[in-house]
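Spelled out from the first residue to the last, the chains are:
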Amino acid sequence: MNINKAIRKQIKSYKRFMLSMCFVFFALPSILMFYKKVTIFYISYLALIEAMILISVIISSNREILKFQYETGKIKLKSGLNSESIHIVCSKILYVDIELIDGEKRKIQDFKIILLSNSKFKNKKMRKVDYDFMKKYTLVAYHYKIFKSRKPEDEFYYIIVSSGGLIKYRLLNTIFKGCVYAGFSEAAIERIKLYRDNLG
């Protein structure tokens, strides 16, 4: 399957969802007013439905939004809703791994991107490597220990990119081209090959 075609389909599906949610959100109060059902019961019921619509929109946006741009050794990355941009310095990325998302049944499977760095990039989303992280991501932890043994005075950080769906294939390919000094796991290389073999 053409990955770029799948990405366009994903984006169109997200836009249709947002448009339908916006229509329902604004249509319901109008219907209530039209039928003159302005009672405490109906208003409370409407408020509950509107709140559920807003929650579903926020959850969907956090899952789907992923924007990035490569500029002279840096990747400007924005993931999720209302999050600040992260300016990733490619030369500071040490290792890249991926984690397949459980329950995915599609031919082109979604995944998370794990980036290990020796810089925090002045961003709150960059977290310091700790025991829980190393326990969950054992392969990254193995390489972290190697880097730490070489430079014990350095601090190491990580970020996990989980939003964006199939757009992460493009991001991973961009990271591969830009972060020339970084190591990549076999699983990450396989995703990059899959992307490049299915561009159409």
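In this report, we go over the structure that sits alongside the text. Since the model is a prediction, treat every value here as computed from it, not as a measurement.

**Remarks on the packing of aromatic side chains**
Step number 1: The full count for this structure, using the stated rule, is nine aromatic pairs.
Step number 2: Ring centres of F34 and Y35 lie 5.1 Å apart, and the angle between their planes is 85°; this geometry places the pair in the edge-to-face category. The same class applies to F34 as to Y35, namely exposed.
Step number 3: Through a chain of ring-to-ring contacts, the aromatic side chains of F41, Y42 and Y45 assemble into a single cluster.

**So, the pairing of strand β1 (residues 66-71)**
Step number 1: Of the pairings in the sheet, the one linking β1 to strand β2 (residues 74-79) comprises six bridges and is antiparallel in character. Each bridged residue has a counterpart across the sheet, and for L66 the counterpart in β2 is S79.
Step number 2: Hairpin connection, β1 to β2: the antiparallel pair is bridged by two residues, and T72 has positive phi, about 35°.

**Let's talk about helix α2 (residues 40-64)**
Step number 1: Along its 25 residues, α2 runs 36 Å from first to last C-alpha, staying within 8% of the 36 Å computed at 1.5 Å per residue.
Step number 2: The set of residues buried in α2 consists of L46, E50, I53, V57, S60, S61 and E64.
Step number 3: Check the buried side of α2 and you find it contacts α1 (3-34), β1 and α5 (167-178).

**Overview of the environment of A51**
Step number 1: Looking at the element boundaries, A51 is found in helix α2.
Step number 2: You can call A51 partly exposed: its relative accessible area is 34%.

**Description of the sheet that holds β2**
The strands making up a sheet are joined through hydrogen bonds of the backbone, oriented either antiparallel or parallel.
Step number 1: If you walk across this open sheet you meet the three strands as β1-β2-β3, and the pairing is antiparallel. At either end of the open sheet lies a strand with only one pairing partner, and these are β1 and β3 (86-89). The mean inter-strand angle of the sheet, taken between neighbouring strand axes irrespective of direction, is 20°.
Step number 2: By the bridge criterion, four bridges tie β2 to β3 in an arrangement that is antiparallel. The residue bridging L77 from the neighbouring strand is I86, located in β3.
Step number 3: Sitting on the sheet, α5 is in contact with β1 and β2, with an inclination near 20° to β1.

What counts as what
Residues numbered from 1 in each chain as written. Predicted model: local features only at pLDDT ≥ 70, side-chain atom pairs only at ≥ 80, totals over all residues. Heavy atoms only, no water. Phe/Tyr/Trp six-rings, centres within 6.5 Å; stacked < 30°, edge-to-face > 60°. Buried < 20%, exposed > 50% of the residue type's maximum accessible area, 1.4 Å probe, protein only. Pairing = 2+ DSSP bridges. Helix = DSSP H or I, 4+ residues; strand = E, 2+ residues; numbered from the N terminus. Expected span 1.5 Å × (residues − 1). Contact = heavy atoms within 4.5 Å. Axes fitted to C-alpha atoms, helices over the stretch in contact; angles between N-to-C directions.

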